[in-house]
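Close look at the chain arrangement
The residues making up each chain are set out below.
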Amino acid sequence: MSKTYYDPADLRKFSKITEWGEELGNKFFDYYGKVFEEGALTAREKSLIALAVAHTEQCPYCIDAYTKDGLQRGVTKEEMMEAIHVGAAIKSGATLVHGVQMMNKVNKLDG
């Protein structure tokens, strides 16, 4: 297997970010942990959201982590793919809506 820039083994090293910035690293992990606690949304729902965002942010570590997490929480492959399509649609729409800004600029410069 060829080596890639993103080494899947690096995901297991994520907690080590506190070694070079303990206070902020710990605050991040405290926050992260709180976010994924059961609340108004279930842990399963949060996992699906995280998976969709992982794809829009194109984070291979997050994709691996939340694919595995989702499967452990009983999320089906169909639900995963649908969540990814939701994320893709929002990302596409957000890109295209900025076309209005370009159109406004063109109209201003042409005016």
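Keep in mind the model is a prediction, meaning the values are calculated, not measured.

Moving on, we come to the layout of surface pockets. The space that makes up the largest pocket amounts to roughly 310 Å³. In terms of lining residues, the largest pocket is bounded by 16 residues, among which Tyr32, Phe36, Ala50, Cys62 and Tyr66 are the most central. Contributing elements (two or more residues each) for the lining of the largest pocket: helix H2 (43-56) and helix H3 (60-72). Residue composition of the lining of the largest pocket, grouped by class: 14 nonpolar, no polar and two charged. In this model, the second largest pocket occupies a volume close to 200 Å³. Surrounding the second largest pocket, Tyr32, Phe36, Ala43, Lys46, Ser47, Ala65, Tyr66, Lys68, Asp69, Gln72 and Arg73 form its lining. Of all the secondary-structure elements, those providing two or more residues to the lining of the second largest pocket are H2 and H3. Counting residues per element, the lining of the second largest pocket draws most heavily on H3, which supplies five residues. Classifying every residue of the lining of the second largest pocket by side-chain character gives five nonpolar, two polar and four charged.

Calculation criteria
- Residues numbered from 1 in each chain as written.
- Predicted model: local features only at pLDDT ≥ 70, side-chain atom pairs only at ≥ 80, totals over all residues.
- Heavy atoms only, no water.
- 1 Å grid on protein atoms, 1.4 Å probe; cavity = no way out; pocket = protein on both sides within 12 Å on 5 of 7 lines; lining within 4 Å.
- Points joined across faces, edges and corners; volume = space filled by probe spheres on them.
- Helix = DSSP H or I, 4+ residues; strand = E, 2+ residues; numbered from the N terminus.
- Nonpolar A, V, L, I, M, F, W, Y, C, P; charged D, E, K, R; others polar.

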